[in-house]
Amino acid sequence: DILHQTFDPDTAGAVVVDGGDRDDHGGATSGPDGVLGTADDVNFEGWLFIEQMIEFAIRGNLNQAPKDILVVGASSEALSAVQSAARVQGLTTTVKTGAGLSGENFNQYKVLYVPSDSNTPGGISPSDLAILKQRKVDIQNFINNGGSVVALTEESFPEPYGWLELPQTFTIGSVGGTEPLRKTQAAINAGFTISDLDLSNGTPYHNCFVGPPGFNGLVPFVLDQSNRVITLGFSSLLFRDSVTLDK
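Treat the numbers as computed from the prediction; the structure is a model and nothing was measured. (Residues numbered from 1 in each chain as written. Predicted model: local features only at pLDDT ≥ 70, side-chain atom pairs only at ≥ 80, totals over all residues. Heavy atoms only, no water.)

Colleague: In this structure, what is going on with the packing of aromatic side chains? I would like to understand it.
Modeller: Geometrically, a pair of aromatic rings is defined through the distance of the ring centres and the angle of the planes. What the rule picks out here adds up to seven aromatic pairs. Each ring, one from Phe56 and one from Phe192, has its centre 5.6 Å from the other, and the planes form 40°; the classification is tilted. A residue pair is termed long-range when its members are at least 10 positions apart, and Phe56 in helix 1 (residues 46-59) and Phe192 in the loop between helix 6 (185-189) and helix 7 (196-201) qualify at 136 residues. Residue Phe56 is classed as buried on the basis of its relative accessible area of 0%. The interplanar angle of 80° and the centroid separation of 5.4 Å between the aromatic rings of Phe56 and Phe221 together place this pair among those described as edge-to-face. Placement of Phe56 in helix 1 and of Phe221 in strand 11 (residues 219-224) is noted, with a sequence separation of 165 residues between them. Phe221 carries the same exposure label as Phe56, and that label is buried. In this arrangement the basic side chain of Arg135 is found over the ring face of Phe106, its NZ or CZ atom lying 3.9 Å from the centre. (Phe/Tyr/Trp six-rings, centres within 6.5 Å; stacked < 30°, edge-to-face > 60°. Helix = DSSP H or I, 4+ residues; strand = E, 2+ residues; numbered from the N terminus. Buried < 20%, exposed > 50% of the residue type's maximum accessible area, 1.4 Å probe, protein only. Lys NZ or Arg CZ within 6 Å of the ring centre and 35° of its normal.)

Okay, here's the thing in structure tokens:
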């Protein structure tokens, strides 16, 4: 069944999915130049986590596409967060929505970025999420051919992550999470350096991941105090032969 083709861990790019609306809980301060909105800005809390998720996705990218980040339907605060996360890394963003998203060639990009849902002003709309679901085979092919994906919470939607079948759909639990968060050893091994305090301050988070069994080969990156899985990640380039599930 082409709609349930296998996620190929040997050729796939990086995938990281997070149950928080990090774009709504963070920000940036000006760097040495004293001007906010330039490449030496310093992101903090949720925006810093987005920055490091994108960095992970870029390092794990295998498709060598000419463009950097395709941002799905973000505006306002959701767009400011990803633009800041990209700017400090010297990366460019392209926003597509509606008909532009329907016809866009994902393979022109290294990273597909899906912002938070309505928990964040300017987050992804139900209509753009429906377009992604219609294009889930294109997304599977994009990932299996080395493209990377970063996605934030979709707790408010009736079919969260319905566009991301690798090969099964991720299932979630709704949480109004304010518990302290911690990185797993897998996240540390993958290069995440954000402090657990910054992770915890970039909250509340809105969903945990409960399935499918084995999480389609992704591993827990962030847990809350109740050991619920808040963030999942995978990269064939970074994790091949060295993945750990240590919590």
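Now, onward.
Colleague: How do you make sense of the pattern of salt bridges when you look at a structure like this?
Modeller: Under the defined criterion, the tally for this structure stands at nine salt bridges. Between Asp18 and Arg22 there is a salt bridge; the shortest N-O distance is 2.7 Å. The class for Asp18 is buried, based on a relative accessible area of 0%. Among the residues examined, Arg22 registers a relative accessible area of 0% and is labelled buried. One salt bridge in this structure joins Lys96 and Glu104, with 3.9 Å as the shortest N-O distance. Taking relative accessible area as the criterion, Glu104 reaches 14% and is therefore assigned buried. (Salt bridge = Lys/Arg side-chain N within 4 Å of Asp/Glu carboxyl O.)

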